[in-house]
Amino acid sequence: MGCDKLHNTIKVRRAIKNITQEELATAIGVTRKTVNTIENGVYVPSTVLALKMAKYFGVPVEELFRLEE
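Everything numeric here is computed off the predicted structure, so don't read it as measured data. (Residues numbered from 1 in each chain as written. Predicted model: local features only at pLDDT ≥ 70, side-chain atom pairs only at ≥ 80, totals over all residues. Heavy atoms only, no water.)

Visitor: Honestly, the overall build of the chain in this entry has me stumped. Any pointers?
Guide: A tally of regular secondary structure across the chain gives 5 helices and 2 strands. Listing the helices and strands of the chain from first to last along the sequence gives β-α-α-α-α-α-β. Seen along its three principal axes, the alpha-carbon backbone of the chain occupies a region of about 35 × 20 × 20 Å. Of all 69 residues assigned to the chain, the portion counted as buried reaches 33%. Sequence-distant contacts, at least 24 apart, represent 61% of the contacts inside the chain between residues at least 6 apart. (Helix = DSSP H or I, 4+ residues; strand = E, 2+ residues; numbered from the N terminus. Buried < 20%, exposed > 50% of the residue type's maximum accessible area, 1.4 Å probe, protein only. Contact = heavy atoms within 4.5 Å.)

Visitor: Can you help me understand helix α1 (residues 10-17) in this one?
Guide: Side chains that are three or four residues apart share a direction in an α-helix, a result of its 3.6 residues per turn. Among all positions in α1, only Ile-10, Arg-13 and Arg-14 are buried. Within α1, the buried residues cover an arc of 100 degrees as seen down the axis, which keeps them to one side. Facing away from the buried surface of α1 by more than 90 degrees, the exposed residues are Lys-11, Val-12, Ala-15 and Ile-16. On its buried face, α1 sits against β1 (5-8), α2 (21-28), α3 (32-39), α4 (47-57), α5 (61-64) and β2 (65-68). (Arc of directions from axis to C-beta.)

Visitor: Would you mind showing me how to read the pattern of salt bridges here?
Guide: A full pass over the atoms with the stated rule returns 3 salt bridges. Across the salt bridge formed by Arg-13 and Glu-63, the nearest N and O atoms sit 3.5 Å from each other. With Arg-13 in helix α1 and Glu-63 in helix α5, this pair connects stretches of sequence that are 50 residues apart. Assessed through its relative accessible area of 43%, Glu-63 is described here as partly exposed. Between Glu-39 and Arg-14 there is a salt bridge, and its shortest N-O distance comes to 2.7 Å. Placement of the pair is Glu-39 in helix α3 and Arg-14 in helix α1, with a sequence separation of 25 residues. Judged on exposure class, the residue Glu-39 and its partner Arg-14 are both buried. (Salt bridge = Lys/Arg side-chain N within 4 Å of Asp/Glu carboxyl O.)

Visitor: Looking at this structure, I do not really get the packing of aromatic side chains. What am I missing?
Guide: Each aromatic ring pair is summarised here by two numbers: the centre-to-centre distance and the angle between the ring planes. By the definition in use, this model includes 1 aromatic pair. The ring of Tyr-56 has Lys-17 sitting right over it, with the charged end atom 5.0 Å from the ring centre. (Phe/Tyr/Trp six-rings, centres within 6.5 Å; stacked < 30°, edge-to-face > 60°. Lys NZ or Arg CZ within 6 Å of the ring centre and 35° of its normal.)

Visitor: When you look at the nonpolar core in this model, what are you seeing that I'm missing?
Guide: One broad trend across soluble globular proteins is that nonpolar side chains are buried collectively. Within the largest apolar cluster, 15 residues are counted, with the highest numbers of intra-cluster contacts made by Ile-10, Leu-24, Met-53, Phe-57, Leu-64 and Phe-65. Listed by contribution, the elements that provide at least two residues to this core are α2, α3 and α4. Setting aside chain neighbours within four positions, we find Met-53 in contact with Ile-10, Leu-24, Ile-28, Ile-38, Leu-64 and Phe-65. (Core = buried A, V, L, I, M, F, W, Y, C linked by side-chain atoms within 4.5 Å.)

What follows is the structure in structure tokens.
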């Protein structure tokens, strides 16, 4: 499983809620840059942060993040 990549639907979820990266960042207690790097797959969030994001969007964490080969 060395080639797995963490895919996320954050950008789609933000569009549905009509919020900016800054608004999401403020709501979950991180910087806009952190949201940007997670959204673009540059940074893998901690379990706690992933759970905070899932809670904010009202979805299970598995709907927000998934592994892709």
